[in-house]
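Chain and residue survey
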Amino acid sequence: MKSTRNVVGIGFSSIAMLFLAGCVSGPNMTWLPAGAISTDMILPVQVAAGSEGARGPGLKQGTASCKAVLFIAGWGDCSVQAAAAAGGITNIRTVDWRYESYVAPIFYRYTLIVSGD
């Protein structure tokens, strides 16, 4: 009887952790409207100052992605330099990022999107 209570307690704890995962959806991201099942959003980071940035995002676009699984393993290069190199960009105008999660907290992907010339 005692082992049955332990199994039920562990089950409820696991389910509670899954539903509370939206509260800890990653570093510095507690303000995101993340869903417990799926999230896919693009957010702005920066627009270049001056006349170049005022003309629009640019003709070229490059992306770089990082992935994480279960908050245990993460990999990838999602730096501005990697995204600019992927798009052949030398003059950066805008930087955005895309956040995707599927069946949180199982899989996360962060993609940096750089546009320019």
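Scoring rules and cut-offs
- Residues numbered from 1 in each chain as written.
- Predicted model: local features only at pLDDT ≥ 70, side-chain atom pairs only at ≥ 80, totals over all residues.
- Heavy atoms only, no water.
- pLDDT = per-residue confidence, 0-100.
- Helix = DSSP H or I, 4+ residues; strand = E, 2+ residues; numbered from the N terminus.
- Pairing = 2+ DSSP bridges.
- Buried < 20%, exposed > 50% of the residue type's maximum accessible area, 1.4 Å probe, protein only.
- Polar contact = N/O pair within 3.5 Å; in protein donor to acceptor, adjacent residues only side chain to side chain.
- Contact = heavy atoms within 4.5 Å.

As for the confidence of the model for the protein chain
On average, residues of the protein chain score 77 in pLDDT, and 65% of them are at 70 or above. No element of the protein chain has a lower mean pLDDT than helix α2 (residues 51-54), which averages 49, and none a higher one than helix α3 (residues 80-87), which averages 93.

What about the pairing of strand β3 (residues 73-76)?
Relative to β3, strand β2 (residues 60-69) is paired through four bridges, and the arrangement is antiparallel. Bridging across to β3, Cys66 finds its partner in Gly76. Between β2 and β3, which pair antiparallel one after the other, the connecting turn spans three residues, and Leu70 there sits at a positive phi close to 55°.

Considerations on the side chain of Glu100
Tracing the chain through its elements places Glu100 in strand β4 (residues 92-102). Residue class for Glu100 comes out buried when judged on its relative accessible area of 6%. Reaching out from Glu100, the side chain makes a polar contact with the side chain of Tyr102 at a distance of 2.9 Å. Ignoring anything within four residues of it in the chain, the contact list for Glu100 reads Thr39, Asp40, Phe107, Tyr108, Arg109 and Thr111.

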